[in-house]
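# Commentary on secondary and tertiary structure
Residues per chain, in single letters:
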Amino acid sequence: MSICFRFRKNIQVDYQIECMDLMKEYWTNRPARSCEKAFLYDVQYHGLETHKKIEKILKHMKDNNCQAHIMTTLDDIAWTFNIRGNDIPCSPTVLAFALITFDKSYLYLQKGSYDLDMVKTLQKENVIVKDYQDIYQDAKELTGHVLLSKGHINYALYQCLQCEIVDQMNPSQLMKAIKNDVEIKNSKHAHIKDGVAMTKFMYWLKKNYGKIPMDEMSVSNQVLQFRQQQNLFIEPSFTTICAWKDNAALMHYHPTTQQFSSIDQDGMLLIDSGGQYMDGTTDITRTFVLGHITDIQKKHFTMVLQGMLALQNAHFLYGCTGQSLDILARRPMWDEDLDYQCGTGHGVGHLLNVHEGPQDFRYKLRNLSQNVTLEPGMNITDEPGIYLEGQYGIRIENELLCVKGTENEYGQFLHFEPLTFVPIDLDAINVDMLNQKKRIG
Ligand SMILES: [Mn+2]
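Not measured: the values here are computed from a predicted model. (Residues numbered from 1 in each chain as written. Predicted model: local features only at pLDDT ≥ 70, side-chain atom pairs only at ≥ 80, totals over all residues. Heavy atoms only, no water.)

Our next topic: the overall build of the chain. If you tally the helices and strands in the chain, you get 12 helices and 24 strands. Computed over its C-alpha atoms, the radius of gyration of the chain comes to 24 Å, within 12% of the 22 Å expected for a compact globule of 441 residues. Burial analysis of the chain (441 residues in total) assigns 52% to the buried set. Here the analysis covers contacts within the chain between residues at least 6 apart in sequence; of these, 66% occur between residues at least 24 apart. (Helix = DSSP H or I, 4+ residues; strand = E, 2+ residues; numbered from the N terminus. Rg over C-alpha atoms; globule rule 2.2 N^0.38 Å. Buried < 20%, exposed > 50% of the residue type's maximum accessible area, 1.4 Å probe, protein only. Contact = heavy atoms within 4.5 Å.)

Quick look at the structure:
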């Protein structure tokens, strides 16, 4: 079949839908697909062996009358098969496909990314390693009902399928989001180390500001150096956002070697960064005062802190979603007819993607199926802010763990335990705006 797209400016593209690689002919110096060495993620860090994870997925498939399940999302594959790698910067995943059936499971990897040891270990878990491209042929042979997430499958693979498709979120999404005790214990340890790195950084920043030249790139590197001193650190979990003054008003700004600002005179510095450690993934934002700031800046900083703490300290009944609680973080801003035009928080992977669903905090739903109940064991960030274009940006972010509280005649109460242990810059707070509980908290 041939398809034709017409774009504005009268450009027309004709191509064969069977060979979807639009750029092949024109992108002649295209870099080869990454094929870094994958490794087996040790059970001491995650606590659940592959065959047990597959058993849980098979149970979900059985309940939904599915005979096979195709996985294309790299974080789901990495979680299920307990493999990690280095094919995507900041997200330690491996380029792969997977197929789960009641007889065997298949992991499709690029030659060169695995060794014989990995093949043998996976074999013991009833997993067969096959070549990356073999998924296309195997998909053609599937019959019956096949579970997959249509929004996450490439068209070439979709075209191979002759079977009934059961379009659902991958069952591993929710399983992965609810961290087990081993993951929680490891993650807490990673956060303490990350907190040490960030606290050392804060001391360095405050001590050296005005004494040595600083810019957004040199400060980003300093954050990285403190993390690198920590045990089991691998790489940043995303590109560090180090934003001085009005740069911080652009929510996703990050400096580059070509474009960065010098940090001098008075203002606020927003740093949103995180680490991939063998024992967990972190994501934290702090906004620091350097020199003098105005009363209104202090007021805004304190409002953001109030929102962050109100959500962190919430007690709520089981059944709440991130949507139910979002107002707690947003309220100080909405009270003043201000807003931050993004979600309040997101789940975080375990040595995986720093943004991980399905749980999140947002008042406006993007997708109904994403509005999942908050479960004990889920982690989620709490990161309200104020962004004033051309002036400044403030964000304070802690990572939280959802835990069980009291159970009584009203039901099961839940609350959050902070995972992040990094000081808030007291120089930026208007203490009169905080009540006793928040001052101590
Ligand atoms: Mn975040």
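That shown, we press on.
Now for the layout of surface pockets. Gaps left between atoms are located by rolling a probe of water-molecule size over the structure's atoms. If you add up the space inside the largest pocket, you get close to 580 Å³. Along its surface, the largest pocket is lined by 28 residues, and His-252, Asp-283, His-346, His-355 and Glu-383 are the ones closest to its centre. Contributions of two or more residues to the lining of the largest pocket are made by strand 18 (345-347) and strand 19 (356-361). For the lining of the largest pocket, the residue count by class is 7 nonpolar, 12 polar and 9 charged. (1 Å grid on protein atoms, 1.4 Å probe; cavity = no way out; pocket = protein on both sides within 12 Å on 5 of 7 lines; lining within 4 Å. Points joined across faces, edges and corners; volume = space filled by probe spheres on them. Nonpolar A, V, L, I, M, F, W, Y, C, P; charged D, E, K, R; others polar.)

Our focus in this paragraph is empty space enclosed by the protein. Enumeration over the complete set of coordinates arrives at 3 cavities of 30 Å³ or more. In this structure, the largest cavity occupies an estimated 70 Å³ of space. Broken down by secondary-structure element, the contributors of at least two residues to the lining of the largest cavity are helix 8 (181-208) and strand 15 (280-281). The element contributing the most residues to the lining of the largest cavity is helix 8, with 3 residues. Taken together, the residues of the lining of the largest cavity sort by class into 4 nonpolar, 6 polar and 2 charged.

The coordination sphere of the manganese ion contains the protein donors Asp-283 (OD), His-346 (NE2), Glu-383 (OE) and Glu-397 (OE), at a distance range of 2.1 to 2.4 Å. Binding-site remark: the manganese ion is held by donors from one chain whose sequence spacing is D-x62-H-x36-E-x13-E. You can see Asp-283 sitting in the loop between strand 15 and strand 16 (284-290) and its partner Glu-383 sitting in the loop between strand 20 (379-382) and strand 21 (385-388), a full 100 residues away along the chain. Of the two residues, Asp-283 and Glu-383, neither departs from the other in class, the shared state being buried. (Donors = N, O, S within 2.8 Å, 3.2 Å for Na, K, Ca; no water.)

With that out of the way, let us pick up the nonpolar core. Counting 43 residues, the largest nonpolar core has Phe-301, Leu-305, Phe-316, Leu-325, Leu-374 and Phe-416 as the members making the most contacts within it. For this core, the secondary-structure elements that each account for two or more residues are strand 12 (241-244), strand 13 (267-273), helix 10 (295-312), helix 11 (322-334), strand 21, strand 22 (392-395), strand 23 (398-408) and strand 24 (411-418). Setting aside residues no more than four positions away along its own chain, Leu-305 makes contact with Ile-396, Ile-424, Ile-429 and Leu-434. Among the nonpolar cores identified, the runner-up in size contains 27 residues, and Ala-96, Ala-98, Met-118 and Leu-122 belong to it. (Core = buried A, V, L, I, M, F, W, Y, C linked by side-chain atoms within 4.5 Å.)

Here we take up the packing of helix 10 against helix 11. As a packed pair, helix 10 and helix 11 sit with axes 7 Å apart at the nearest point and diverge in direction by 160°. The angle between the axes of helix 10 and helix 11 places the two elements in the roughly antiparallel class. Here helix 10 and helix 11 pass one another in a crossing that is right-handed. Of the residues in helix 11, those touching helix 10 at Met-303, Val-304, Gln-306, Gly-307, Ala-310 and Leu-311 are Leu-325, Leu-328, Ala-329, Pro-332 and Met-333. Its residues assigned to classes, the contact of helix 10 with helix 11 shows 9 nonpolar, 2 polar and no charged. (Axes fitted to C-alpha atoms, helices over the stretch in contact; angles between N-to-C directions. Parallel < 35°, antiparallel > 145°, perpendicular 65-115°, else oblique. Left-handed = near helix turned anticlockwise from the far one by under 90°.)

Quick look at the sheet that holds strand 14 (residues 275-277) now. Across the sheet, which stays open at both edges, the 3 strands sit in the order 11-14-15 with antiparallel pairing between neighbours. Of all the strands in the sheet, the pair left with one neighbour each is strand 11 (233-236) and strand 15. Where helix 9 (residues 216-228) meets the sheet, its contacts fall on strand 11 and strand 14, and the angle it forms with strand 11 comes to roughly 160°. (Pairing = 2+ DSSP bridges.)

With that settled, the discussion passes to a nonpolar patch on the surface. A contiguous nonpolar patch, built from Leu-22, Met-23, Tyr-26 and Trp-27 and spanning about 450 Å² of accessible area, is present on the exposed surface. Along the chain, the position of Tyr-26 falls in the loop between strand 2 (12-16) and strand 3 (39-40). (Patch = residues over 30% accessible without salt bridge, like charges linked within 9 Å, V, L, I, M, F, W, Y side chains within 5 Å. Areas by Shrake-Rupley, 256 points an atom, 1.4 Å probe, with all protein chains shown as cover. Salt bridge = Lys/Arg side-chain N within 4 Å of Asp/Glu carboxyl O.)

A few words on the sheet that holds strand 12. Strands sit in the order 12-13-16 across an open sheet of 3 strands; the sheet is antiparallel. A strand with exactly one partner marks an edge of an open sheet, and here the two such strands are strand 12 and strand 16. The mean angle between the axes of side-by-side strands here comes to 15°, regardless of whether they run parallel or antiparallel. Here strand 12 pairs with strand 13 via 4 bridges, running antiparallel.

The next point concerns unusual backbone geometry. Along the chain, Gly-357 connects to Pro-358 via a cis peptide bond; the corresponding omega equals 0°. Summarising the element assignment, Pro-358 is placed in strand 19. Here the phi dihedral of Leu-232 falls at roughly 65°; this positive angle occurs in a residue that is not glycine. Position of Leu-232 relative to the elements: it lies in the loop between helix 9 and strand 11. Its identity is not glycine, yet Gln-265 carries a phi of approximately 60°, on the positive side. Relative to the assigned elements, Gln-265 resides in the loop between strand 12 and strand 13. With relative accessibility at 60%, the residue Gln-265 sits in the exposed group.

What follows deals with the domain arrangement of the chain. Parsing the chain into structural domains produces domain 1 (35-176) and domain 2 (178-440). A C-alpha centroid distance of 32 Å is found between domain 1 and domain 2. Contact with domain 1, which involves 23 residues of that partner, is made by 23 residues of domain 2. Looking only at domain 1, the three residues that lose the most surface to domain 2 are Tyr-45, Cys-90 and Lys-176, adding up to 33% of its buried area. Connecting domain 1 to domain 2 are 1 salt bridge. Note that Glu-356 is salt-bridged to Lys-176, the shortest N-O span being 3.5 Å. Linking domain 1 to domain 2 there are 16 residue pairs in polar contact (both at pLDDT 80 or more). (Domains from an automatic or database assignment. Buried area = accessible area lost by both parts, 1.4 Å probe. Polar contact = N/O pair within 3.5 Å; in protein donor to acceptor, adjacent residues only side chain to side chain.)

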